[in-house]
There are 2 protein chains.
Amino acid sequence: MPTRSTDLGLALSEVEVPRGFGRGPRWWCANFQDAGFRITLPRQAILEALTNNSTKHLSAEEIYFEVHKRYPGVGLTTVYRTLEILVNMGLVFRFDFGDGKSRYELLQGPNAVTHHHHLVCTNCGRVIDYTEFIEQEKGLLDKIEKVLSEKYKFNIKSHQIQFSGLCEKCK
Amino acid sequence: MPTRSTDLGLALSEVEVPRGFGRGPRWWCANFQDAGFRITLPRQAILEALTNNSTKHLSAEEIYFEVHKRYPGVGLTTVYRTLEILVNMGLVFRFDFGDGKSRYELLQGPNAVTHHHHLVCTNCGRVIDYTEFIEQEKGLLDKIEKVLSEKYKFNIKSHQIQFSGLCEKCK
DNA sequence: TCAGTAATTGAAAATGATTTCCATTATCAA
DNA sequence: TTGATAATGGAAATCATTTTCAATTACTGA
Ligand SMILES: [Mn+2]
Ligand SMILES: [Mn+2]
Ligand SMILES: [Zn+2]
Ligand SMILES: [Zn+2]
């Protein structure tokens, strides 16, 4: 018997030695297993949806719709639950752009978008990712983070820079 | 008759020529009048609550409680409505620190807190204002703002920098 | 391989912040 | 002082998110 398999039909060798992406192996399985969480079909589906839309800023419901196309049995509640886990594990970042719902962005994996910050239109909600000056931002923030961590005894996990205003159409 | 008075009992000379603060004259009246809004008792009460708590990060309901102490007739709905106006006028900034409710900070007036950014505990919700490196941050952000405004045709109104992590007690 | 056990799930109900409605009241220009 | 209309507050509606709970499923250990 070359590979054992789980009830999900996932070859364990894939779980243990991820190599590709997209339809293929699952780079994030180790994260789940290490944290004591199980690998389930809904969780796969949700990661897949995030991966296939890594340049967007999907809400929980939008992720649910995305998942629903291929896995109609997955519920919205599970989407919320999985997103919470992913945020806590640091694989996903949760944003609030002021439209009343949380929005999520994949931080890890081969398909993750590179480090960037945001420009948000307060009128229509449009969000632009920008990477201009990102190195300078990163340099300054690293320095600040070091000082603040020590002074305020904070264990800093992440940062966020956001500009708000009116986009071309809205101003 | 030296000064006329409004139905609110506010001497018009105070409205037109604000000079002090706290219990006294109303620096923000011009903002409301210029924007075509009326000066009302609920609005005074809300500005007063924000002014007397400018170092906190009150939610709409907390502002409502604060207002309620002195003006029990003012409703929560009006607090929400007034906050929206204040945010749009740029007198108040709306934050989301991840606890499910918006929080507000006074930006203008003699009692406003100086320009700063935030450190947020994702576990207990504690928020720390920091001003370390604020000049360097401001310098860099101004430069970035100039470039982004032009490149993306955005009319940038404000920015935000936020660090998230665990505070001393929670880590 | 397989059963036992605890984790996970989906649907429905609950929650809670914010918004909408609407009849009444108050501001303020004339 | 008065009239047009902006503003108000309470109740009801909305809507994103959370909770509940009985049924299902993944994984452990034999
Ligand atoms: Mn982004
Ligand atoms: Mn602050
Ligand atoms: Zn816009
Ligand atoms: Zn804390």
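Residues numbered from 1 in each chain as written. Chains lettered and ligands numbered in written order. Predicted model: local features only at pLDDT ≥ 70, side-chain atom pairs only at ≥ 80, totals over all residues. Heavy atoms only, no water.

1. So, the coordination of the manganese ion (ligand 1)
Residues and elements named next belong to chain A. For clarity, the cut-off: Donor selection uses N, O and S atoms within 2.8 Å of the metal (3.2 Å for Na, K and Ca). Since no water is included, sites may look incomplete. Secondary structure is summarised from DSSP: a helix means a run of H or I of at least four residues, a strand means a run of E of at least two, and numbering begins at the N terminus for each. Buried residues are those whose accessible area, probed at 1.4 Å on protein chains only, stays under 20% of the maximum for their type, while exposed residues exceed 50% and partly exposed ones sit between those limits.
Protein coordination at the manganese ion (ligand 1): the donors are His 57 (NE2), Glu 105 (OE), His 116 (NE2), His 118 (NE2) and Asp 129 (OD), at 2.0 to 2.3 Å from the metal. Read in sequence order, the donor residues coordinating the manganese ion (ligand 1) give the pattern H-x47-E-x10-H-x1-H-x10-D. Here Glu 105, found in strand β3 (residues 102-106), pairs with His 118, found in strand β4 (residues 117-121); they are 13 residues apart in sequence, far enough to count as distant. An identical accessibility class is assigned to Glu 105 and His 118; each is buried.

2. Here we look at the pairing of strand β5 (residues 127-130) of chain A
All names here are of chain A. We apply this condition: The rule for pairing is simple: two strands pair if DSSP sees at least two bridges between them.
Judged by which residues are buried, β5 turns out to be one-sided: Ile 128 and Tyr 130 face inward and are buried, whereas Val 127 and Asp 129, on the alternate face, are not. Strand direction decides the pairing type here: β4 and β5, joined by four bridges, are antiparallel. Bridge pairing links His 117 to Tyr 130 in β5. Between β4 and β5, which pair antiparallel in sequence order, lie five residues; one of them, Gly 125, sits at a positive phi of approximately 85 degrees.

3. Quick notes on the protein's contact with DNA strand D
Our working rule: One heavy atom suffices: a residue is near a molecule or strand as soon as one of its heavy atoms comes within 4 Å of it. Throughout this description, a polar contact denotes any pair of N or O atoms lying within 3.5 Å of each other; where both atoms belong to protein, one of them has to be capable of donating a hydrogen while the other can accept it, and for residues adjacent in sequence the pair is counted only when both atoms sit in side chains. Side-chain classes are defined by residue name, with Ala, Val, Leu, Ile, Met, Phe, Trp, Tyr, Cys and Pro counting as nonpolar, Asp, Glu, Lys and Arg as charged, and the others, Gly among them, as polar.
Contacts to DNA strand D come from 22 residues, most closely from A:Ile39, A:Tyr80, B:Thr40, B:Thr78 and B:Arg81. For DNA strand D, the fraction of protein-proximal atoms (within 4 Å) that sit in sugar or phosphate groups is 64%. The separation between a phosphate oxygen of DNA strand D and a polar main-chain atom of A:Ser102 is 2.9 Å. Mapped by element, the contributors of at least two residues to the surface near DNA strand D are α5 (76-89) of chain A together with α3 (41-52) and α5 (76-89) of chain B. Residues belonging to the surface near DNA strand D are distributed by class as follows: six nonpolar, nine polar and seven charged.

4. Details of the sheet that holds strand β5 (residues 127-130) of chain B
Rules: Under this scheme, a helix contributes an axis fitted over its contacting stretch, all axes are lines through C-alpha atoms, and angles between N-to-C directions fall in the 0 to 180 degree range. Here, residues are in contact when the closest pair of their heavy atoms is within 4.5 Å.
Read across the sheet, six strands follow the order β5(A)-β4(A)-β6(A)-β6(B)-β4(B)-β5(B) without closing on themselves; strand pairing throughout is mixed. At either end of the open sheet lies a strand with only one pairing partner, and these are β5 of chain A together with β5 of chain B. In this sheet, neighbouring strand axes are inclined to one another by 25 degrees on average, regardless of whether the strands run parallel or antiparallel. Here helix α6 (residues 134-152) of chain A sits on the sheet in contact with β4, β5 and β6 (155-166) of chain A together with β4 (117-121), β5 and β6 (155-166) of chain B, set at roughly 130 degrees to β6(A).

5. Quick word on the coordination of the zinc ion (ligand 4)
Residue and element names in this part refer to chain B. Operational definition: Under the classification used here, a metal with four donors is tetrahedral if each angle lies between 85 and 135 degrees, square planar if opposite donors are over 155 degrees apart and the others between 65 and 115, a six-donor metal meeting that same test is octahedral, and anything else is irregular.
Looking at the zinc ion (ligand 4), one finds its protein donor set to be Cys 121 (SG), Cys 124 (SG), Cys 167 (SG) and Cys 170 (SG), positioned 2.2 to 2.4 Å from the metal centre. What the four donor atoms of the zinc ion (ligand 4) show is an angle range of 103 to 114 degrees at the metal, which sorts the shape as tetrahedral. Along the chain, the residues donating to the zinc ion (ligand 4) fall in the pattern C-x2-C-x42-C-x2-C. Placement of Cys 121 in strand β4 and of Cys 170 in the segment after β6 is noted, with a sequence separation of 49 residues between them. The exposure class of Cys 170 is partly exposed, given its relative accessible area of 23%.

6. Section: the pairing of β3(A)
Residue and element names in this part refer to chain A. The buried fraction of β3 is high, at four of five residues. Taken together, the two bridges between strand β1 (residues 58-59) and β3 define a ladder with antiparallel strand orientation. Across the sheet, residue Ser 59 finds its bridge partner in β3, namely Arg 103. As paired strands, strand β2 (residues 92-96) and β3 are joined by five bridges and run antiparallel to one another. Each bridged residue has a counterpart across the sheet, and for Phe 95 the counterpart in β3 is Arg 103.

7. Regarding the packing of aromatic side chains
Residues and elements named next belong to chain A. Applicable threshold: Centres within 6.5 Å are what make two rings of Phe, Tyr or Trp a pair, Trp counting through its six-membered ring; a difference in plane orientation under 30 degrees is then read as stacked, over 60 as edge-to-face, and the rest as tilted.
For the structure on display, the rule yields twelve aromatic pairs over all chains. Pairing Trp 28 with Phe 32 gives two aromatic rings, centres 5.3 Å apart and planes at 70 degrees, and the pair type is edge-to-face. Look at Trp 28 and you get buried, because its relative accessible area is 3%. A connected cluster of aromatic rings, assembled from ring pairs, spans Trp 28, Phe 32 and Phe 37.

8. Looking at the protein's contact with DNA strand C
A:Thr40, A:Thr78, A:Arg81, B:Arg38 and B:Tyr80 are the nearest of the 21 residues found near DNA strand C. Take the atoms of DNA strand C that sit within 4 Å of the protein: sugar and phosphate atoms are 65% of them. One of the backbone N or O atoms of A:Val74 is found 3.5 Å from a phosphate oxygen in DNA strand C. One nitrogen or oxygen atom from the side chain of A:Thr77 is found 3.5 Å from a base nitrogen belonging to DNA strand C. Looking at the surface near DNA strand C, the elements with two or more residues in it are α3 (41-52) and α5 of chain A together with α5 of chain B. Residue classes in the surface near DNA strand C are distributed as six nonpolar, eight polar and seven charged.

9. Points about the domain arrangement of chain A
All names here are of chain A. To keep things clear, this is the line we draw: Domain delimitation follows an automatic or database domain assignment. Here the quantity called buried area is the accessible surface, traced with a 1.4 Å probe, that two parts lose on coming together, added over both. A side-chain nitrogen of Lys or Arg and a carboxyl oxygen of Asp or Glu constitute a salt bridge if their distance falls within 4 Å.
Looking at chain A, the domain boundaries give domain 1 (1-109) and domain 2 (115-171). Counting from both sides, the interface comprises seven residues of domain 1 and, opposite them, nine residues of domain 2. Buried area between domain 1 and domain 2, summed over both chains or domains, comes out near 620 Å², and the portion from carbon and sulfur atoms is 62%. Broken down residue by residue, the surface that domain 1 buries against domain 2 is led by His 57, Phe 93 and Phe 97, which jointly contribute 66%. At the surface where domain 1 touches domain 2, the tally comes to zero salt bridges. Viewed at the interface, domain 2 and domain 1 are joined by three residue pairs in polar contact (both at pLDDT 80 or more). Per-element tally for the side of domain 1 that touches domain 2: the top contributor is β2, with three residues. Here the side of domain 1 that touches domain 2 is composed, by residue class, of three nonpolar, two polar and two charged.

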